[in-house]
Amino acid sequence: MSTWHRIHGMACYRQVRSLQRRIVQAVQAGVWRQVKRLSSLVVHACAARALAVKRVTEKTGQKTPGVDGDLWDTPAKKAQAAARSGRWRGDRPAPLTRIDLPKQDGQQRPLSLPTLTDRARQAVSRQALQPIAETTGDQHSDGFRPQRQGADAIDHCCKVLRQKTSATWIWAGAIQGLFDHSRFSWIAAHIPMPKRVLSRWLRRGVLDRGTLLPTTAGVPPGGMISPVVSHMV
């Protein structure tokens, strides 16, 4: 129990941020071999694992288990989870749990939830992938990005449209099934992270009302790393 309380959260954050800054610098310089090496350092860092467990157990969904029914509700379990999250060799992700959330229009939005162990591992990988996505992403893309929101997009629209020579209309649209229809082959070829790990996360299957269904496309809505992957797609 005391092991988890001895973890200094701010020190872990500073260590991970330092590695992320170096990843950004390497991406800007186009040194992708160094990007790969630094990303590996983040994934295997004890500080990154501690932050991942902290994120999983202190955010929305902390009391929603996966197919294994496991919850990390004690400091001892959190400490064990932080140590276990670093064991990547032979990792076999468990199937996702499908639940339906009500929408405002009366329809149901399906959500696929990984186990806490898989969420923590995805949160670790996200810390390595996020700086790459932020550096290579479009400057005015505000969806699924940290410290950005719809108000930022509105502000950009106001600045663009307030000129006398600005366009007098806006084309608005939506991508239907963004999370559901991305091809696995494209994701594996373009997302800069270990292909075997990414492929296992994408192809793990979904347990829906006791029936195991295969996953053939898209990223699971509800995964910790899904917003970053979708943004890069």
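To start, this report covers the structure provided alongside it. Quick caveat, the model's predicted, so the values are computed rather than measured. (Residues numbered from 1 in each chain as written. Predicted model: local features only at pLDDT ≥ 70, side-chain atom pairs only at ≥ 80, totals over all residues. Heavy atoms only, no water.)

## Structural notes on the pairing of strand S2 (residues 108–113)
Where strand S1 (residues 96–102) meets S2, 6 bridges bridge the pair, whose relative direction is antiparallel. Bridging from a neighbouring strand, Arg-98 pairs with Ser-112 of S2. Hairpin connection of S1 to S2: 5 residues between the antiparallel strands, including Gly-106 at a positive phi of 90°. (Pairing = 2+ DSSP bridges. Helix = DSSP H or I, 4+ residues; strand = E, 2+ residues; numbered from the N terminus.)

## What to know about the pattern of salt bridges
One pass over the full model with this rule turns up 7 salt bridges. A salt bridge links Arg-145 to Glu-134; its shortest N-O distance comes to 3.1 Å. Separated by 11 residues along the polypeptide, Arg-145 in the loop between helix H6 (116–136) and helix H7 (150–161) and Glu-134 in helix H6 bring together distant segments of the chain. A relative accessible area of 25% places Glu-134 in the partly exposed class. Here Asp-208 makes a salt bridge to Arg-209, at a shortest N to O gap of 3.0 Å. On the accessibility criterion, Arg-209 (69% relative accessible area) is exposed. (Salt bridge = Lys/Arg side-chain N within 4 Å of Asp/Glu carboxyl O. Buried < 20%, exposed > 50% of the residue type's maximum accessible area, 1.4 Å probe, protein only.)

## Brief notes about the nonpolar core
Counting 37 residues, the largest nonpolar core has Ile-23, Leu-129, Ile-187, Ile-191, Met-193 and Val-229 as the members making the most contacts within it. Secondary-structure elements contributing two or more residues to this core are helix H2 (9–29), helix H3 (32–44), helix H4 (46–58), H6, helix H8 (184–190), helix H9 (195–202) and helix H10 (226–232). For Ile-187, the contacting residues outside a window of four places in its chain are Ser-182, Leu-198, Leu-202, Val-219, Val-229 and Val-233. (Core = buried A, V, L, I, M, F, W, Y, C linked by side-chain atoms within 4.5 Å. Contact = heavy atoms within 4.5 Å.)

## So, the side chain of Ser-39
Along the chain, Ser-39 turns up in helix H3. Contact partners of Ser-39, with chain neighbours within four places excluded, come to Ile-23, Ala-128 and Ile-132.

## Concerning the packing of H2 against H6
At a closest axis distance of 9 Å, the pairing of H2 and H6 adopts a crossing angle of 40°. With respect to each other, H2 and H6 are oriented oblique. Judged by the twist between their axes, the crossing of H2 over H6 is right-handed. Contact residues: Val-16, Gln-20, Ile-23, Val-24, Val-27 and Gln-28 in H2; Gln-127, Ala-128, Pro-131, Ile-132, Thr-135 and Thr-136 in H6. Broken down by class, the residue content of the contact of H2 with H6 amounts to 7 nonpolar, 5 polar and no charged. (Axes fitted to C-alpha atoms, helices over the stretch in contact; angles between N-to-C directions. Parallel < 35°, antiparallel > 145°, perpendicular 65-115°, else oblique. Left-handed = near helix turned anticlockwise from the far one by under 90°. Nonpolar A, V, L, I, M, F, W, Y, C, P; charged D, E, K, R; others polar.)

## A short note on the side chain of His-231
Along the chain, His-231 falls in helix H10. For His-231, the residues in contact, after removing those within four places along its chain, are Ala-133, Gly-137, Ser-141, Gly-143 and Arg-145.

## Details of the sheet that holds strand S3 (residues 206–208)
Spatial strand order, S2-S1-S3-S4: 4 strands in an open sheet with mixed pairing. For this open sheet the edge positions go to S2 and strand S4 (211–213), each flanked by a neighbour on one side alone. Shown here is a sheet whose adjacent strand axes are inclined to one another by a mean of 40°, direction ignored.

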